[in-house]
Amino acid sequence: RGTFSQRHAVLYDQEDGHFYVPLNHISERAGDGAEQAQFQVYNSLLSEYAALGFEYGYSVAEPSALVLWEAQFGDVVNGAQIMIDQFITAAEEKWNQASSLVMLLPHGFEGQGPEHSSARLERFLQACAEDNIIVANFSTPANYFHALRRQMKRAVAKPLVVMTPKSLLRHPQAVATVEELADGRFHEVFPAATDPDSAKRLLFCSGKVYYDLLKAQGERENGEAVAIARLEQFYPFPAEQIAAELARFGHVEDVRWVQEEPKNLGAWSVLQSRLNEGLRAQHGDRCLEAGYVGRLPSASPATGSARVHAAEQARIVETALTVEG
């Protein structure tokens, strides 16, 4: 769709109309004969079913190409649900057909209403089995970059579904250094930065809400009582990394999942059992269970009122960070 940051991929001269694509000139140096891959970006027609079907087919026919398709808003992808169910999530099991297609689905809870908020994360997680797809929600540009690089370097192609909170495109803390891009790697989980000895509660979250929690944590006197870990990849589920984080905070008996989506949506229905498995492995028969912090169940992905949204968001952050005693 050529939305958001992709709008700046092509520069047009307002005098004569000719255009310039900077990403097609990265290796352009006089006389060195360097070659580089061709970068192409298009605004697609307003039929997600047709557009996604075409891009899926292109990714299959040209496996050396990194094909990315972005919905205008998260809920817009619903128009392509048949392609997702019949091909993207099932083609490897049905026909042994691999694809490295990347789906970028805006998934921001920024108070702009239900049609701007949800990419229906829960539907993709319900379709996950047998390592068929990758579902992620990245919180740093470097992690996004390394995930895209991994798409082309991995031995077996898998579709990548990315929840993309729009506000992180311009968030002052969602940045990366050159070193992180050049020498870093992909992280399924970002461990909590809090000293385990001072933590009384361990939070797991994903995406934009991390920065909301981080800001509020820095404004509280007892902020170090709460540790915040980020889950960057929902599926395949990084069980070992989650187990390592639970072990690092082994004395903490208050573990919670924080999400912006309503309780019946988002990742909670899938992650609840995963987190509880990790807690049982760590604490044995003490029967610790993960708690939930997020919106109440809702028939709509989000409220249509910016004021209600702000109140809900404030309650989520306050509940997540308030530790008694």
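Residues numbered from 1 in each chain as written. Predicted model: local features only at pLDDT ≥ 70, side-chain atom pairs only at ≥ 80, totals over all residues. Heavy atoms only, no water.

Engineer: Go over the overall build of the chain, please, and point to the residues and values.
Structural biologist: Each helix and strand in the chain was counted, giving ten helices and twelve strands. If you line up the chain on its principal axes, its C-alpha atoms span 65 × 45 × 45 Å. Across the chain, the fraction of contacts at a sequence separation of at least 24, relative to all contacts at a separation of at least 6, is 79%. Charge separation in the chain, taken as the distance between the mean sites of 29 positive and 42 negative side-chain charges, equals 4 Å. (Helix = DSSP H or I, 4+ residues; strand = E, 2+ residues; numbered from the N terminus. Contact = heavy atoms within 4.5 Å. Lys, Arg positive; Asp, Glu negative; His and termini not counted. Charge placed at Lys NZ, Arg CZ, Asp CG, Glu CD.)

Engineer: Please set out the packing of aromatic side chains residue by residue, giving values where relevant.
Structural biologist: Think of a pair of aromatic rings as described by two things: how far the centres are apart, and how the planes are tilted against each other in angle. Applying the stated criterion across every chain, the model contains nine aromatic pairs. Ring plane angle 75° and centroid distance 5.2 Å describe the contact between Tyr210 and Tyr211, whose orientation is recorded as edge-to-face. Of the two residues examined, Tyr210 and Tyr211, each falls in the buried class. Chaining the aromatic ring pairs together yields one cluster made of Tyr56, Phe87 and Trp95. Across from the ring centre of Tyr210, 4.0 Å away, lies the NZ or CZ of Arg230, which sits over that ring. (Phe/Tyr/Trp six-rings, centres within 6.5 Å; stacked < 30°, edge-to-face > 60°. Buried < 20%, exposed > 50% of the residue type's maximum accessible area, 1.4 Å probe, protein only. Lys NZ or Arg CZ within 6 Å of the ring centre and 35° of its normal.)

Engineer: Residues and numbers for the pattern of salt bridges, please.
Structural biologist: Counting across every chain of the model gives eleven salt bridges. Note that Asp254 and Arg201 form a salt bridge whose closest N and O atoms lie 2.8 Å from each other. Residue Asp254 is found in the loop between helix H8 (239–248) and strand E11 (255–262), and its partner Arg201 is found in strand E8 (residues 201–205); the two are separated by 53 residues along the sequence. One salt bridge in this structure joins Glu312 and Arg295, with 2.6 Å as the shortest N-O distance. Of the two residues, Glu312 is situated in helix H10 (residues 306–321) and Arg295 in strand E12 (residues 291–295); the sequence distance between them amounts to 17 residues. Owing to a relative accessible area of 4%, Arg295 belongs among the buried residues under this scheme. Counted as one network, the salt bridges with shared partners bring together Arg201, Asp254 and Arg256. (Salt bridge = Lys/Arg side-chain N within 4 Å of Asp/Glu carboxyl O.)

Engineer: A description of the side chain of Arg295 should follow, citing residues and the corresponding values.
Structural biologist: Here His309 takes part through its side chain, which lies 3.1 Å from a polar atom of the side chain of Arg295. In this structure the side chain of Arg295 is engaged in a polar contact, spanning 2.6 Å, whose partner is the side chain of Glu312. Excluding its chain neighbours within four sequence positions, the residues that come into contact with Arg295 are Phe109, Gln259, Glu260, Glu261, Pro262, Lys263, His309, Glu312, Gln313, Arg315 and Ile316. (Polar contact = N/O pair within 3.5 Å; in protein donor to acceptor, adjacent residues only side chain to side chain.)

Engineer: Talk me through the sheet that holds strand E4 (residues 102–106); I want residue IDs and the actual numbers.
Structural biologist: What the five strands build is an open sheet, ordered E3-E4-E6-E5-E10; its pairing is mixed. Edge positions in the sheet fall to strand E3 (68–70) and strand E10 (233–235), since each of these pairs with one other strand and no more. Pairwise comparison of adjacent strand axes, ignoring direction, gives a mean angle of 20° for this sheet. Two strands pair when backbone bridges link them, and strand E5 (residues 134–136) and strand E6 (residues 160–164) are joined in this way by three bridges, in the parallel orientation. Across the sheet, residue Val135 finds its bridge partner in E6, namely Val161. (Pairing = 2+ DSSP bridges. Axes fitted to C-alpha atoms, helices over the stretch in contact; angles between N-to-C directions.)

Engineer: How would you explain the side chain of Glu260 if you had to name every residue and give the values?
Structural biologist: Within the secondary structure, Glu260 sits in strand E11. Within the structure, Glu260 has its side chain in polar contact with the side chain of Lys208 (distance 2.7 Å). Within the local environment of Glu260, its side chain forms a polar contact with the side chain of Gln313, the two groups lying 2.6 Å apart. Those residues in contact with Glu260 that lie beyond four places of it in its chain are Phe109, Lys208, Val209, Asp212, Arg295, Gln313 and Ile316.

Engineer: Describe helix H5 (residues 141–153), listing the residues and the values that go with them.
Structural biologist: If you check H5, its first and last C-alpha atoms are 18 Å apart, about what 13 residues at 1.5 Å a residue would give, namely 18 Å. Listing the buried residues of H5 in full gives Ala142, Asn143, His146, Ala147, Leu148 and Gln151. Close packing links the buried residues of H5 with E3, E4, E5, E6, helix H6 (178–183) and strand E7 (189–190). (Expected span 1.5 Å × (residues − 1).)

Engineer: Lay out the pairing of E4 in plain terms, naming residues and giving numbers.
Structural biologist: Burial of E4 is extensive: five of the five residues sit out of reach of the surface. Both faces of E4 are covered, namely the face carrying Val102, Leu104 and Pro106 and the face carrying Met103 and Leu105. The sheet contact formed by E3 and E4 spans three bridges and is parallel. Paired with Trp69 across the two strands is Met103, which belongs to E4. Both E4 and E6 contribute to a ladder of five bridges, which runs parallel. Paired with Met103 across the strands is Val161, a residue of E6.

Engineer: Can you tell me about the environment of Val255, naming the residues and giving the values?
Structural biologist: Checked against the element boundaries, Val255 lands in strand E11. Note on Val255: relative accessible area 4%, which makes it buried. On a C-alpha basis, the gap between Val255 and Pro172 in space is 28 Å, while along the polypeptide they are 83 residues apart. Among residues more than four places away in sequence, those in contact with Val255 are Leu202, Phe204, Leu246, Leu279, Glu289, Ala290 and Gly291.

Engineer: Any details on the packing of helix H1 (residues 48–61) against helix H2 (residues 81–88)? Residues and values, ideally.
Structural biologist: Two numbers describe how H1 lies on H2: the axes approach to 8 Å, and their chain directions differ by 30°. By the angle class used here, H1 and H2 are roughly parallel. Contact residues: Tyr49, Leu52, Gly53 and Tyr56 in H1; Ile82, Met83, Ile84, Phe87 and Ile88 in H2. Classifying every residue of the contact of H1 with H2 gives eight nonpolar, one polar and no charged. (Parallel < 35°, antiparallel > 145°, perpendicular 65-115°, else oblique. Nonpolar A, V, L, I, M, F, W, Y, C, P; charged D, E, K, R; others polar.)

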